[in-house]
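Structural overview
Now for the letters of each chain:
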Amino acid sequence: MSVTFEEMNTEEVQQYIDFEIPNYAENVSANLGIPKETALKDADKQLYSLITEENRKKDHFIGHVVCEDKKENVGIIWYNIQPERDRIFIFHIYIFETFRKRGYASAALTLLEEVAKQEGIGTIALNVFANNAGAQHVYSRLGYETVSMVKTKKL
């Protein structure tokens, strides 16, 4: 299985932001115990500060994950090339539900490794929520290691 990345245009990026703000806020609220309204405000502020035209032109890539065989959009990837840290940071990789468990996430991460090598980057980093067992399994299988954890205690 082979995938490519196709950069989103400005309208598609706005649609992505409209999707991702409530999605991210829901995950933050569920995993960190932050009230939903606060998580939503924080997500809105964070995404709009990160996804600017300037950042997209400079070092952020937001695009579609496209199955090469079927020429079909199967997901989304957003990453930031950080040469000063010798890393690519994945802000979001999202495979649409109907395409999950078919190897697309693994193929996208493998392609991103090629991007990193072409850019002379030695590390790929990301955060994953504790309740996302499927993603954690994929990352472990591909050799990603846990280097940090946030622990909380509900009172």
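You'll find the structure just up there.
So, a few notes on the structure that sits alongside this text. (Residues numbered from 1 in each chain as written. Predicted model: local features only at pLDDT ≥ 70, side-chain atom pairs only at ≥ 80, totals over all residues. Heavy atoms only, no water.)

A look at the packing of helix H4 (residues 104-119) against helix H5 (residues 133-141)
Look at H4 against H5: their axes get within 10 Å of each other, and the N-to-C directions meet at 45°. Looking at the two axes, H4 sits oblique to H5. Judged by the sense of rotation from one axis to the other, the crossing of H4 with H5 is right-handed. Of the residues in H5, those touching H4 at Ala105, Ser106 and Leu109 are Val138, Tyr139 and Arg141. For the contact of H4 with H5, the per-class residue count stands at 4 nonpolar, 1 polar and 1 charged. (Axes fitted to C-alpha atoms, helices over the stretch in contact; angles between N-to-C directions. Helix = DSSP H or I, 4+ residues; strand = E, 2+ residues; numbered from the N terminus. Parallel < 35°, antiparallel > 145°, perpendicular 65-115°, else oblique. Left-handed = near helix turned anticlockwise from the far one by under 90°. Contact = heavy atoms within 4.5 Å. Nonpolar A, V, L, I, M, F, W, Y, C, P; charged D, E, K, R; others polar.)

A look at the nonpolar core
Within soluble globular proteins, side chains that are nonpolar tend to cluster in buried spots. Phe5, Ile77, Tyr79, Ile88, Ile90 and Leu112 are the most contacted members of the largest nonpolar core, which has 28 residues in total. Looking at this core, the elements that each hand over two or more residues are strand E1 (3-7), strand E2 (60-67), strand E3 (72-82), strand E4 (87-95), H4, strand E5 (123-126) and H5. By residue number, the principal contributor to this core is H4, which donates 7 residues. Leaving out residues up to four positions away in the same chain, Ile77 has contacts with Phe5, Phe61, Ile62, Gly63, Val65, His92, Ile93 and Leu112. Residues Met8, Tyr16, Ile62 and Trp78 belong to the second largest nonpolar core, which totals 15 residues. (Core = buried A, V, L, I, M, F, W, Y, C linked by side-chain atoms within 4.5 Å. Buried < 20%, exposed > 50% of the residue type's maximum accessible area, 1.4 Å probe, protein only.)

Description of the side chain of Arg56
Assignment of secondary structure puts Arg56 in helix H3 (residues 53-58). Contacts of Arg56, omitting those with residues within four sequence positions, involve Glu7, Met8, Asn9, Thr10, Val13, Ile51 and Ile62.

Thoughts on unusual backbone geometry
Look at Asp86: it is not a glycine, yet its phi comes out positive at around 55°. Note on placement: Asp86 falls in the loop between E3 and E4. For Asp86, a relative accessible area of 34% corresponds to the partly exposed category. The phi torsion at Lys101 lies on the positive side, around 65°, for a residue other than glycine.

Regarding the pairing of E5
The sheet contact formed by E4 and E5 spans 4 bridges and is parallel. Across the sheet, the residue bridging to Ile88 is Ile124, located in E5. (Pairing = 2+ DSSP bridges.)

Structural notes on the packing of aromatic side chains
One pass over the structure, following the stated rule, counts 11 aromatic pairs. Between Phe89 and Phe91, the ring centres sit 5.0 Å apart and the planes meet at 75°, which makes this aromatic pair edge-to-face. According to the relative accessible area criterion, Phe91 is partly exposed, its value standing at 30%. On the numbers, 6.0 Å between centres and 85° between planes, the contact of Phe99 with Tyr104 is edge-to-face. Overall, the relative accessible area of 3% leaves Tyr104 in the buried class. The structure contains a cluster of three or more aromatic residues connected by ring pairs, namely Tyr16, Trp78, Phe89 and Phe91. (Phe/Tyr/Trp six-rings, centres within 6.5 Å; stacked < 30°, edge-to-face > 60°.)

By themselves these figures say nothing about function.
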